[in-house]
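Single-letter residue listing:
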Amino acid sequence: MEESRQNLKKVLSGLFSVIFIIAICVVIYLNQQFVKKQINNVRGVYYVSQGDTAYRKNNMNKAIKFYNIGLKYYPEHYGAWCNLGNIYVAYEDYYSALHAYSQSFKHNPKMVIARMNYGLIASEKLGNFNLALDQYNKVINIQRKMISIPYIYNNRISSKLNRAIAYYNIGVTYRLKSLYEANDDWELQRKYLSKAIQAYKKSLEIAPDRYDTLYNLGIAYHLAGRYFEAGECYCKAIHQKPMNFEAHYNLAVLHRRMRHYKESYEEIDKASTLVTALGSNSAEQQYVAIMMNDIMRTMYEDQAYKNELKRVMSVQQSNNIETKKGKKSKKDRETKKDKQKGTVTSEKINLVNGKVVASEELDKAVLESFGQCAGMAYFEEIEEE
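For clarity, every value in this text was computed on a predicted model and none was experimentally measured.

1. As for the overall build of the chain
Alright, step 1. Within the chain, the secondary structure is distributed over 17 helices and 5 strands.
Alright, step 2. A total of 385 residues make up the chain; the buried ones form 36% of that total.
Alright, step 3. Entry remark: accessible area of the chain is about 24,800 Å², with carbon and sulfur atoms responsible for 54%.

And the structure:
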């Protein structure tokens, strides 16, 4: 009896297995396209992973080959499309890059980096500003679910920064439109510059201390003829990154336009020092040298400046004559002794045998010097229109 039960169980178990296999075969037969798609997806992921490896090793030809094979099997792989777009940009195949980026955000509408890259290539390489603006606006309108896990993951900050960058790119694009599409139409140019200014302001509302945004907002104001606002922005940019020569250079140009020659020369001198010390390319050095010479020539050709210079020199000469010799302070005497020893020490610099010795105080002094904006008093109390 027990043996017959065991035999029955074996028969039923075998029958169940057969039925299960038949059911699987039926499901596969009825869903051949679905099963085939899943198999292809697995193949696609494999080839995409091979492409990622080649991409990381900077083997671009091999990466293109593997990505294209992978995307043939798995066309919805938006990460592969985005990387493929980056490779096409490196090869300056911009139309292929746009196609790849468009496929990336087609399959993932929230693929911000693909939309940003699409916009940059469309505007800066192909001059299609409207295509770029369309993508930047879509980045701004992307709604993400905010997730915050302390010390592990937080997408709130990255989402805000993406919006700030998108507004910044909109500003850059409208400024380019004002240069290339407005031609001699000053009203249209002002319209585009106004849109650029508004976009930069929105970017600064989200990320108020970004050098690039402050600097480019200054350029937009400068081009629009709003010189006081431009100067204020250049000064804020200089405060953020004192060792970037561009803001110093543009502020020098602005001061010259406003006939603030002393301040203009101070800023162009800083720009000249920076492009020389920081190893900038020869073209940048040439631009700065030409501007410095032009400022000097303008200074000495301007009659009002020459009259003011004579007045200042006269006052200074009078003060020198009236200055009385006094006893040197104890600190002065100590400094003299240090000089005799070949060493001079102050709060900011160290001189040893006539040579400046690097120190933390010196670094701070240099940053402080370059971070000060010549003529800031002209711009401090200007209110935004």
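2. Quick notes on helix H13 (residues 261–277)
In an α-helix, one full turn covers 3.6 residues, which means residues spaced three or four apart are oriented alike.
Alright, step 1. For H13, spanning 17 residues, the distance from its first C-alpha to its last is 24 Å, which sits close to the expected 24 Å at 1.5 Å a residue.
Alright, step 2. Tyr261, Glu263, Ser264, Glu267, Ile268, Lys270, Ala271, Leu274 and Val275 are the residues of H13 that are buried.

3. Quick look at a nonpolar patch on the surface
Alright, step 1. Residues Leu179, Tyr180 and Leu223 make up a contiguous nonpolar surface patch of about 310 Å² in total accessible area.
Alright, step 2. Locating Tyr180 in the fold gives a position in helix H8 (residues 156–180).
Alright, step 3. Judged by relative accessible area, which is 58%, Tyr180 ranks as exposed.

4. Let's talk about the nonpolar core
Alright, step 1. Core analysis: the biggest nonpolar cluster contains 42 residues, and Ile170, Tyr200, Tyr215, Leu217, Tyr234, Leu251 and Leu254 have the highest contact counts within it.
Alright, step 2. Among the elements of the structure, helix H6 (112–125), helix H7 (129–141), H8, helix H9 (186–206), helix H10 (211–223), helix H11 (227–240) and helix H12 (245–257) are those that each provide at least two residues to this core.
Alright, step 3. Aside from chain neighbours lying at most four places away, what touches Leu217 is Ile197, Tyr200, Leu204 and Cys233.
Alright, step 4. Cys82, Tyr94, Phe105 and Ile121 belong to the second largest nonpolar core, which has 23 residues in total.

5. Some words on the pattern of salt bridges
Alright, step 1. Enumeration over the complete set of coordinates arrives at 6 salt bridges.
Alright, step 2. Ionic pairing is found between Lys236 and Glu232, a salt bridge with its closest N-O pair at 3.9 Å. With Lys236 and Glu232 both in helix H11, this residue pair falls 4 residues apart, about one helical turn.
Alright, step 3. Exposure remark for Glu232: the relative accessible area of 11% places this residue in the buried category.
Alright, step 4. The residue Glu266 makes a salt bridge to Lys262 at a minimum N-O spacing of 2.6 Å. Of this pair, Glu266 and Lys262 both sit in helix H13, 4 residues apart, roughly one helical turn.
Alright, step 5. Accessibility expressed as a relative area gives 30% for Glu266, which makes it partly exposed.

6. Quick look at the state of the cysteines
Alright, step 1. Tallied over the full model, the rule gives 1 disulfide.
Alright, step 2. Here Cys235 engages in a disulfide with Cys373; their sulfurs sit 1.8 Å apart. With Cys235 in helix H11 and Cys373 in the segment after helix H17 (360–371), this residue pair connects regions lying 138 residues apart in the sequence. You'll find Cys235 and Cys373 in the same group, each marked buried.
Alright, step 3. Between Cys233, a free cysteine, and Cys235, which holds the nearest cysteine sulfur, the sulfur-to-sulfur gap is 9.4 Å.

7. Observations regarding the packing of aromatic side chains
Alright, step 1. Here the structure, examined in full by the defined rule, presents 10 aromatic pairs.
Alright, step 2. Judged by centre distance (6.2 Å) and plane angle (45 degrees), the ring pair of Tyr215 and Tyr234 falls under tilted. With Tyr215 in helix H10 and Tyr234 in helix H11, the pair connects residues that are 19 residues apart, well separated along the chain.
Alright, step 3. Its relative accessible area of 15% is what places Tyr215 among the buried residues.
Alright, step 4. We classify Tyr234 as buried; its relative accessible area is 0%.
Alright, step 5. Aromatic rings pair up to connect Tyr46, Tyr47, Phe66 and Tyr73 into one cluster.
Alright, step 6. Here the guanidinium or amino end of Arg210 rests over the ring plane of Tyr168, the centre of that ring lying 5.4 Å away.

8. Some details on a positive patch on the surface
Alright, step 1. A cluster of basic residues, Arg56, Lys57, Lys62 and Lys65, forms a positive patch at the surface.
Alright, step 2. Summarising the element assignment, Lys62 is placed in helix H3 (residues 60–73).

9. Focus on the side chain of Gln135
Alright, step 1. Looking at the secondary structure, you find Gln135 in helix H7.
Alright, step 2. Each residue touching Gln135, except ones within four places of it in the same chain, is listed here: Phe105, Arg115 and Tyr118.

10. Looking at the confidence of the model for the chain
Alright, step 1. In the predicted model, the chain carries a mean pLDDT of 79, and 65% of its residues have values of at least 70.
Alright, step 2. Averaged pLDDT values for the elements of the chain fall to 45 in strand S3 (residues 343–345) and rise to 97 in helix H5 (residues 94–107).
Alright, step 3. Contacts from residues 337–349, a stretch scored under 50 in pLDDT, to residues over four places away or in other chains number 20 contacts.
Alright, step 4. Note that residues 351–357 has pLDDT below 50 and, in this model, 13 contacts with residues that lie over four places away or in other chains.

11. Thoughts on the environment of Leu131
Alright, step 1. By secondary structure assignment, the location of Leu131 is in helix H7.
Alright, step 2. Among the residues examined, Leu131 registers a relative accessible area of 32% and is labelled partly exposed.
Alright, step 3. A sequence separation of 12 residues divides Leu131 from Gly119, and the C-alpha atoms of the two residues are 6.7 Å apart.
Alright, step 4. Ignoring anything within four residues of it in the chain, the contact list for Leu131 reads Tyr118 and Ala122.

12. Re the packing of H11 against H12
Alright, step 1. The geometry of H11 relative to H12 is characterised by a closest axis approach of 9 Å and an angle of 155 degrees between their N-to-C directions. Classified by the angle their axes make, H11 and H12 are roughly antiparallel. The chirality of how H11 crosses H12 is left-handed. On the side of H11, the interface is formed by Tyr227, Ala230, Gly231, Tyr234, Cys235, Ala237 and Ile238, while H12 contributes Ala247, His248, Asn250, Leu251, Leu254 and Arg257.
Alright, step 2. Here the residues of the contact of H11 with H12 sort into 9 nonpolar, 3 polar and 1 charged.

The rules behind each value
- Residues numbered from 1 in each chain as written.
- Predicted model: local features only at pLDDT ≥ 70, side-chain atom pairs only at ≥ 80, totals over all residues.
- Heavy atoms only, no water.
- Helix = DSSP H or I, 4+ residues; strand = E, 2+ residues; numbered from the N terminus.
- Buried < 20%, exposed > 50% of the residue type's maximum accessible area, 1.4 Å probe, protein only.
- Areas by Shrake-Rupley, 256 points an atom, 1.4 Å probe, with all protein chains shown as cover.
- Expected span 1.5 Å × (residues − 1).
- Patch = residues over 30% accessible without salt bridge, like charges linked within 9 Å, V, L, I, M, F, W, Y side chains within 5 Å.
- Salt bridge = Lys/Arg side-chain N within 4 Å of Asp/Glu carboxyl O.
- Core = buried A, V, L, I, M, F, W, Y, C linked by side-chain atoms within 4.5 Å.
- Contact = heavy atoms within 4.5 Å.
- Disulfide = S-S within 2.5 Å.
- Phe/Tyr/Trp six-rings, centres within 6.5 Å; stacked < 30°, edge-to-face > 60°.
- Lys NZ or Arg CZ within 6 Å of the ring centre and 35° of its normal.
- Lys, Arg positive; Asp, Glu negative; His and termini not counted.
- Charge placed at Lys NZ, Arg CZ, Asp CG, Glu CD.
- pLDDT = per-residue confidence, 0-100.
- Axes fitted to C-alpha atoms, helices over the stretch in contact; angles between N-to-C directions.
- Parallel < 35°, antiparallel > 145°, perpendicular 65-115°, else oblique.
- Left-handed = near helix turned anticlockwise from the far one by under 90°.
- Nonpolar A, V, L, I, M, F, W, Y, C, P; charged D, E, K, R; others polar.

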